[in-house]
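So the chains spell out like this:
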Amino acid sequence: MTSNPFIMTNAAKAVIDPEAMVHNIQVMRRKASNSKVMTVVKSDGYGHGLVSVATTLAPYSDAFGVARIEEALTLRQAGIHLPIVLLEGFYEADELPLLVEHQLTATVHCDEQVTMLTNASLSEPLPVWLKVDSGMHRLGFEPDQVPDALSALTACDNVAPDIGFLSHFGCADEMDNPITQAQIDTFTQVTEGLPGERSLAASSGTLFWPQSHFDWVRPGICLYGISSRIELTGEQLGLKPAMRLTSRVMAVRKLKAGEPVGYGARWRSERDTLIGVIAIGYGDGYPRLAPDGTPVWLNGREVPLAGRVSMDMITVDLGPDATDKVGDEAVLWGPELPVERVARLVDTIGYELVCQVTGRVPRQYLTTTSEQRAAG
């Protein structure tokens, strides 16, 4: 029995390349060769799959960083034993025994958290990082508040010794913005002479601000091959994209000059042409606001988006002489088409696009042999 070419199970899929992530974390390690690496895997590994990403990168990591306790518990249940840091800390006192039970590390960024720690009854002390507001003004203790916060944490029996200090950049992707150096100076002055390790650099800091590396760096988006600077692609930084978002052509239609396609008749053809309908839409995480002309990679060339993105479909102008056919693979972003290019057209960043790929798009993980690794 022959297969039916018109049946496309899970037409849309995100193909994840673990070897690309390994390459990227090695780039970051070389950039910050004197620092330990806290691998950030929040938001389901930036849309790449939390457990799979962590399993792949564990041999190259000194710790993991997550945003929520649920992410940390998922990693522990998957057998990840490295230190895990809750970068937003805890929200309620009831969470503290769970953090101790699963040997998690908390970030402390406000007086309310200090009070919860002081009043808690824990079976053993909890390791913590004290967050300093070095100038982003989102989370953290102001510089003049740090001594009192540190004294309170040091005196608390529920807090483990060797309290660390961390902060976060607000403008490190803007190379000519003086705020970044001011943050480095503030963080250095506040923590100078204090015991405990220090961490300031995330992806942009690791790549572009070597004076911010300190004891730990916390790379995130760059691990997935995506640039933290909107004007650059990951490839331009020596990174490899880890996600290849693909789908398939589900129909090829003839369209006469002047005829519209899609909701609202936004796009009309200027000539007789062929329209390709591709099985992906905003229900899969493809950006609904993508404008006409947004590129899609198909059969070795770029074809432009034509008309509004629907929940389950997009349409592209194949051209009057196209030979594309139903079942052909289309790449929405990946090695052939950097996600940063698509993001710029949608007036967003690559972070958002990969994070918003929905659960109905299966993640398919490539495997490589030891011979292939050696050859690479």
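So, how was this worked out
All chains use their own residue numbering, which begins from 1 and follows the written sequence. Under the rules for a predicted model, residues below a pLDDT of 70 receive no local features and side-chain atom pairs below 80 are neither given nor counted, while totals for whole chains, interfaces and linings still include all residues. As a rule here, side-chain values cover all heavy atoms of the structure and leave hydrogens and water aside. Basic side-chain nitrogens of Lys or Arg form a salt bridge, by our definition, when they fall within 4 Å of a carboxyl oxygen of Asp or Glu. Helix and strand assignments come from DSSP, with helices taken as H or I runs of at least 4 residues and strands as E runs of at least 2, each series counted from the N terminus. Burial here depends on accessible area, computed with a 1.4 Å probe over protein chains only, as a share of the maximum for the residue type. Under 20% is buried, over 50% is exposed, and the range in between is partly exposed. The rule for pairing is simple: two strands pair if DSSP sees at least two bridges between them. Every crossover in which the path from the first strand over the helix to the second runs clockwise, viewed with the strands pointing away from the viewer, is termed right-handed. Pairing of aromatic side chains here covers Phe, Tyr and the six-membered ring of Trp, requires ring centres within 6.5 Å, and sorts the geometry by plane angle: under 30 degrees stacked, over 60 edge-to-face, intermediate tilted. Each patch is built from residues that are more than 30% exposed by relative accessible area and take part in no salt bridge. Like charges join if they lie within 9 Å; nonpolar side chains (Val, Leu, Ile, Met, Phe, Trp, Tyr) join within 5 Å. Areas reported as accessible are Shrake-Rupley estimates using a 1.4 Å probe. Residue values count occlusion only from the protein chains shown. For the purpose of counting charges, residues Lys and Arg are taken to be positive, whereas Asp and Glu are taken to be negative. His and the chain ends are not included. The atoms used to mark charge sites are NZ of Lys, CZ of Arg, CG of Asp and CD of Glu. Directions pointing from the helix axis toward each C-beta atom define the arc. Contact between two residues is taken to exist if any of their heavy atoms lie within 4.5 Å; hydrogens are not considered.

Asks: What is the right way to read the pattern of salt bridges from this model?
Replies: Inspection of the entire model under this criterion finds 13 salt bridges. As a salt-bridge pair, Arg301 and Asp324 come within 2.5 Å of each other at their nearest N and O atoms. Remark: Asp324 occurs in the loop between strand 16 (314–317) and strand 17 (329–333) and Arg301 occurs in strand 15 (residues 301–304); sequence separation between them is 23 residues. Judged by its relative accessible area of 26%, Arg301 falls in the partly exposed class. Among the charged side chains, a salt-bridge network with shared partners connects Arg244, Glu329 and Glu336.

Asks: Looking at this structure, I do not really get the pairing of strand 5 (residues 105–108). What am I missing?
Replies: Taking every second residue as pointing to the same face, both faces of strand 5 are buried, with Thr105 and Thr107 on one and Ala106 and Val108 on the other. In this sheet, strand 5 lies alongside strand 4 (residues 84–86) in parallel orientation, the contact comprising two bridges. Each residue of the ladder has a partner; that of Val85, found in strand 5, is Thr105. This β-α-β element, strand 4 to helix 5 (residues 96–101) to strand 5, shows right-handed connectivity. As paired elements, strand 5 and strand 6 (residues 128–131) share three bridges and run parallel to each other.

Asks: Before we go on, may I ask you to explain the packing of aromatic side chains in this structure?
Replies: For the structure shown, the criterion picks out four aromatic pairs. Seen in terms of ring centroids, Tyr46 and Tyr224 are 4.9 Å apart; in terms of plane orientation they differ by 25 degrees. Their pairing is stacked. Of this pair, Tyr46 sits in helix 2 (residues 42–46) while Tyr224 sits in the loop between strand 9 (216–217) and strand 10 (243–255), and the two are 178 residues apart along the sequence. For Tyr46, a relative accessible area of 8% puts it in the buried group. Ring geometry for Phe187 and Phe214: centres 5.3 Å apart, planes at 75 degrees, overall edge-to-face. In this pair, Phe187 is assigned in helix 8 (residues 179–191) and Phe214 in the loop between helix 9 (203–208) and strand 9, connecting sequence segments 27 residues apart.

Asks: When you look at a negative patch on the surface in this model, what are you seeing that I'm missing?
Replies: The grouping of Asp111, Glu112, Glu142, Asp144 and Asp148 at the surface amounts to a negative patch. Residue position: Asp111 is located in helix 6 (residues 111–119).

Asks: What is the right way to look at helix 3 (residues 50–57) in this model?
Replies: Given 3.6 residues per turn, any residue in an α-helix points the same way as the ones three and four places further on. For helix 3, the complete set of buried residues consists of Leu50, Val53, Ala54, Thr56 and Leu57. Burial along helix 3 is one-sided: seen end-on, the buried residues are contained in an arc of 160 degrees. Buried residues in helix 3 make contact with helix 1 (18–31), strand 2 (36–40), helix 2, strand 3 (63–66) and helix 4 (69–77).

All quantities given are derived from atomic positions and should not be read as evidence of function.
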